[in-house]
Amino acid sequence: SEARLGAAHALLHDAIEGAPAGIAVFDADDRLRAYNSRLLKMTSGDPALVQLGMDFRSFVRAVRGDRVAHPVHDPDERWLEERYRQHLAPGAPLEVRLRDGGWLQISETRTRHGGTVIVYTDISALKQREGELRRSADELEALVAARTEALTRSEARLRQVNQELETFTYSV
């Protein structure tokens with residue numbers, strides 16, 4: 001019935017809008033069919049540019065905005081083509097660096113009917129912790145190397161003293 005369809009649509013809308021991540025849903029023709037407001041906040045996408053029914057490439061241009069960082073040698077069109085290739089054959093999640101130092105993880109999943117669900121997750125805190133762990137590991141490695149060098153010098157000195165003692169003992 002129409003009431004049940006309306007209720008199901010409202011439930012789906014609430015679920016997408018209430019998700020803790022940015023979400024975009026594309027149909028089998030790669031047309032945007034649903035998205036949530038968190039997606040626009042996370043990507044700084046222009047709400048006036050994001051329209052239901054738009055194709056994937058137009059969507060990526062609209063949500064990318066000026067927030068996504070990319071290497072200087074990687075012009076927008078090249079980046080867009082690479083992103084489209086990844087979209088056609090989704091694999092491991094993408095990690096995208098933002099100009100403000102933040103990070104997004106973009107995960108794509110195909111639906112049974114050939115559509116795609118794209119989930120944008122803010123992984124900035126994880127990346128920050130990863131950097132802190134990397135720095136701690138580097139510091140620990142430097143400390144271990146310094147201690148190893150000190151022990152090596154001490155061992156060499158002990159061998160020298162031991163040898164001198166043996167020489168002295170035999171000469172007496």
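Above this note sits the structure.
Remember, predicted model here, so these are calculated numbers, not experimental data.

Colleague: Could you give an account of the side chain of N36, with specific residues and numbers?
Modeller: Within the secondary structure, N36 is located in the loop between β2 (32-35) and α2 (37-43). Within polar-contact distance, the side chain of N36 engages the backbone nitrogen of L39 at 3.1 Å. Dropping the residues within four chain positions of it, N36 is found in contact with I16, E17, A19, A21, G22 and I23.

Colleague: Outline the pairing of strand β5 (residues 116-122), supporting the account with residue identities and numerical values.
Modeller: It is a general feature of regular strands that their side chains alternate between the two faces of the sheet. Across 5 bridges, the pairing between strand β1 (residues 22-26) and β5 is antiparallel. Within β5, the position partnered with V25 by the bridge is V117. Sheet topology note: the strand β4 (residues 103-110)/β5 ladder contains 7 bridges and is antiparallel. Its bridge partner being in β5, R110 is matched across the sheet by T116.

Colleague: With reference to specific residues and values, describe the sheet that holds β5.
Modeller: Across the sheet, 5 strands lie side by side as β2-β1-β5-β4-β3; this open sheet has antiparallel pairing. Strands with a single pairing partner mark the edges of an open sheet, and in this sheet they are β2 and β3 (94-97). Ignoring strand direction, the axes of neighbouring strands in this sheet form an average angle of 20°.

Colleague: Please set out the pattern of salt bridges residue by residue, giving values where relevant.
Modeller: Applying the stated criterion across every chain, the model contains 10 salt bridges. K127 serves as the salt-bridge partner of E95, at 2.7 Å between the closest nitrogen and oxygen. Residue E95 is found in strand β3, and its partner K127 is found in helix α5 (residues 124-171); the two are separated by 32 residues along the sequence. Each of E95, K127, E130 and R134 takes part in a single network of salt bridges with overlapping partners.

Here is what the cut-offs are and how they apply
Residues numbered from 1 in each chain as written. Predicted model: local features only at pLDDT ≥ 70, side-chain atom pairs only at ≥ 80, totals over all residues. Heavy atoms only, no water. Helix = DSSP H or I, 4+ residues; strand = E, 2+ residues; numbered from the N terminus. Polar contact = N/O pair within 3.5 Å; in protein donor to acceptor, adjacent residues only side chain to side chain. Contact = heavy atoms within 4.5 Å. Pairing = 2+ DSSP bridges. Axes fitted to C-alpha atoms, helices over the stretch in contact; angles between N-to-C directions. Salt bridge = Lys/Arg side-chain N within 4 Å of Asp/Glu carboxyl O.

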